[in-house]
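# Structural description and commentary
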Amino acid sequence: MTILNRNVRNGMLPSLALLRNSASVAVIALTVSSLSAMKAHAENECGPSSYPIVNCTANSYGNISYPAGGLVVLENSDMTVDGVITIGSMENEVETAVLNTPLYKTITGEIRVFSPKNDAGIGLYPSSNSATPGVTGILSATVEGEGNATINLLEGAWVSNPSSAVAVKALQRGTGDAIVQIEGATIDQITPGIAVNAINRGTGNSKIVMNSGTISGTADNDPKTEFTGLVAHGVSPNANAEIIFTGGTIKDTDVAMTAYVNAYPGSASIVINEDTDKADIHGQVLLTGTESYFELKAGGLSMAPGETYDAPINVEIDGNQADVKLLGGGIATYGKNGRGVVLFNQGGYETIAAVELGGTDITITGEDGVGLYMEYIADPGQPYQVDVSMSDGNILSYSNATGATAVGLNVKDQEVDASFNMSGGTIEMYSSNSDVIQATTSADGFYDFQLTAGIILAVDGTAIKILPEDDLSPNGPMKIDVTIGSDMIVSGIKGVFLNQNTDPGTITSFEVAGSATGDIIDGPGTINVVLNGGC
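Figured I'd write up the structure that's included with this text. (Residues numbered from 1 in each chain as written. Predicted model: local features only at pLDDT ≥ 70, side-chain atom pairs only at ≥ 80, totals over all residues. Heavy atoms only, no water.)

## Quick word on the overall build of the protein
Here is the rule we go by: Helix and strand definitions here come from DSSP, where helices need a minimum of 4 consecutive H or I residues and strands a minimum of 2 consecutive E residues; each element is numbered from the N-terminal end. Note on exposure labels: buried denotes an accessible area under 20% of the residue type's maximum, exposed denotes more than 50%, and partly exposed covers the range between, all computed with a 1.4 Å probe on protein chains only. The contact criterion used is simple: two residues touch if any of their non-hydrogen atoms lie within 4.5 Å. Here the Shrake-Rupley method, with its probe set to 1.4 Å, supplies the accessible areas, and only the displayed protein chains count as covering residues.
Tallying secondary structure elements over the protein gives one helix and 43 strands in all. Residues counted as buried form 58% of the 535 residues belonging to the protein. Sequence separation of at least 24 residues holds for 74% of the intrachain contacts in the protein that already meet a minimum separation of 6. On the protein, roughly 19,400 Å² of surface is accessible, and the fraction owed to carbon and sulfur atoms is 47%.

What follows is the structure, given as structure tokens:
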């Protein structure tokens, strides 16, 4: 994907149109008519031109500045730039501002493009010297009007940022979108900060697409410093912040990627797959929005030991709904209290959270770790619904993960409807004192466990446990349904089911048709047991 064909020579402009990749990401919208209406004037650098294109062909430059905008093209493989490249200005009548870099050797300094009306874009190609970074500095595209702020980092491009400023930033302040696309580039964030940021402070959306390449920091788990890979950020109601990651590596970052909208309503989404390259991600993946969506189809996510509750995936529901689809790939958690996936809500909204386990392998290593953890805190009287389904994949705790939990639901409210439906896959907890499913007590709540097919094994724990938590959860009457189907195998050395809710009004229905090993049921209130050939 390119902004401009390398065959630009002597002011001749090939066909420029609205380009879109397979993910429907607009790259740059330029037309000959819009450019020919402008004249780009150099300030003692590449020279004036009456054409819509300015070609820079000298061996070396200091600053390159075209405040009237236009299309500036770097066209010398021996070129070195030691200074600031500025295309466009917020103070001038700039319509479109674009920098394209098909041929150059090194750029030491900032690259900045501005447009108060239309598109502003940077197309960064690889330099002619692949042994060193092509750009040592930062890239930014800023738009205030209707256009898009777009940055394309193409195969082999290399950016090294020694400052704490954002290395690559697309900023939109008007009605267009902020877009960054990475196609095999390398971005090194040397000091704590953000490597790539698509931020929309206007009414549009923000989007990052990474198909291959490497983002790296030097994370040290110091809570006072943070290295962040990809950030998609929106601030207006109804905005969408989106990251599509189809291949590449993010390493040595505290936060690998985050998508968030701090307005109501707003949606945040992250999709990770290996469509174009291997996906290897080290650091947290964070989402925050009124509606949050996360999907893992393939790739590896892991979080090194750090602060309590560090998790490779952290979804904060600042509103109504969160959907998490774990369809492939692997998630690994390390260290004490490490979590694999966290869903957290602390808003006064009616909320629905849905988690689908359809092929992902979650590995728990470390004391008191949790594979899938959901916590809900809300104003009294706000209902909360969480649905977890598992049809494939594995959740596994190693022997050193003492006190681990495969699925934990921590509810600090009086109204919750929660379900766990298992139709396939395997959950095996080999660590001591480790349970498969834990749920806190909830007055007037309903827990529904439908286990139709698959394997659940707790070698030193309970398969399903309802437990209190520090008097923060109500302990009133509950309704609990547990069904173990004919194709299900459940084994809990400390029990198949244990309810520590003490309210005598609790009603538990327990039906067994498959294999259940361990004490089948224990708890207060009314207990209805049906055996349909199971044991």
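## Here's the deal with the packing of aromatic side chains
Definition in use: Aromatic contacts are taken between Phe, Tyr and Trp rings whose centres are within 6.5 Å, Trp giving its six-membered ring; a plane angle under 30 degrees counts as stacked, one over 60 as edge-to-face, and the others as tilted. Lysine and arginine charges are scored as sitting over a ring when NZ or CZ, respectively, is within 6 Å of the ring centre and within 35 degrees of the ring normal.
Counted according to the given criterion, the structure contains two aromatic pairs. Note on tyrosine 447 and phenylalanine 449: the rings are 6.2 Å apart at their centroids and 20° apart in plane angle, and the pair reads as stacked. We note that tyrosine 447, like phenylalanine 449, is buried. Look at phenylalanine 497 and phenylalanine 510: their rings are 6.1 Å apart centre to centre, the planes differ by 55°, and that puts the pair in the tilted class. You can see phenylalanine 497 sitting in strand 40 (residues 497-499) and its partner phenylalanine 510 sitting in strand 41 (residues 507-512), a full 13 residues away along the chain. Each member of the pair, phenylalanine 497 as well as phenylalanine 510, is classed as buried. Seen from the ring of tyrosine 373, arginine 339 lies directly overhead, with NZ or CZ sitting 4.6 Å from the centre.

## Overview of the pattern of salt bridges
Just so we agree on the cut-off: Here, a salt bridge means any Lys or Arg side-chain nitrogen found within 4 Å of an Asp or Glu carboxyl oxygen.
Evaluation of the coordinates by the stated rule reveals ten salt bridges. With its nearest N and O atoms 3.3 Å apart, the salt bridge here joins glutamate 144 to arginine 173. Taken together, the positions of glutamate 144 in the loop between strand 12 (139-143) and strand 13 (149-153) and arginine 173 in the loop between strand 15 (168-172) and strand 16 (178-189) put the pair 29 residues apart, joining distant regions of the chain. For arginine 173, a relative accessible area of 41% puts it in the partly exposed group. Shared partners join several salt bridges into a network, and the residues in it are Lys336, Glu367 and Asp368.

## Focus on a negative patch on the surface
Basically, it comes down to this: Only residues whose relative accessible area exceeds 30% and that form no salt bridge are eligible for patches; like-charged ones are grouped when within 9 Å, while nonpolar side chains (Val, Leu, Ile, Met, Phe, Trp, Tyr) are grouped when within 5 Å. Positive charges come from Lys and Arg, negative ones from Asp and Glu, while His and the chain ends are left out of the count. For this purpose, a charge sits on NZ of Lys, CZ of Arg, CG of Asp or CD of Glu.
Among the surface-exposed residues, Glu155, Glu274, Asp275 and Asp277 lie close enough to one another that they form a single negatively charged patch. Mapping aspartate 275 onto the fold places it in the loop between strand 23 (266-272) and strand 24 (279-282).

## Comments concerning a nonpolar patch on the surface
Nonpolar side chains collect at one region of the surface, where Ile527, Val529 and Leu531 lie side by side and expose about 250 Å² of accessible area between them. Assessed through its relative accessible area of 33%, isoleucine 527 is described here as partly exposed.

## Thoughts on the state of the cysteines
Selection criterion: Disulfide: a pair of cysteine sulfur atoms within 2.5 Å of each other.
Under the defined criterion, the tally for this structure stands at one disulfide. For cysteine 46, the disulfide goes to cysteine 56, at an S-S distance of 1.9 Å. Disulfide cysteine 46-cysteine 56: the torsion about the S-S bond is 100°, which places it as right-handed. Here cysteine 46, found in the loop between helix 1 (32-36) and strand 1 (53-56), pairs with cysteine 56, found in strand 1; they are ten residues apart in sequence, far enough to count as distant.

## Considerations on unusual backbone geometry
A positive phi angle is found at asparagine 238, which is not glycine, with a value near 70°. Of note, asparagine 238 is situated in the loop between strand 19 (227-234) and strand 20 (239-245). The exposure class assigned to asparagine 238 is exposed, which follows from its relative accessible area of 62%. Residue asparagine 337 is not a glycine yet carries a positive backbone phi of 65°. Mapping asparagine 337 onto the fold places it in the loop between strand 28 (330-333) and strand 29 (339-345).

## Some details on the nonpolar core
Quick note on the threshold: Definition used in this section: a nonpolar core is a set of buried Ala, Val, Leu, Ile, Met, Phe, Trp, Tyr and Cys residues joined via side-chain atoms within 4.5 Å.
Of all hydrophobic cores here, the largest spans 122 residues; its most connected members are Leu230 and Phe294. No other element matches the six residues that strand 27 (residues 313-326) contributes to this core. Dropping the residues within four chain positions of it, leucine 230 is found in contact with Ile182, Val196, Ile208, Met210, Ile215, Ile243, Phe245, Ile250, Ala256, Met257 and Thr258. Formed by five residues, the second largest nonpolar core is a distinct cluster that contains Ala311, Val342, Val370 and Tyr373.

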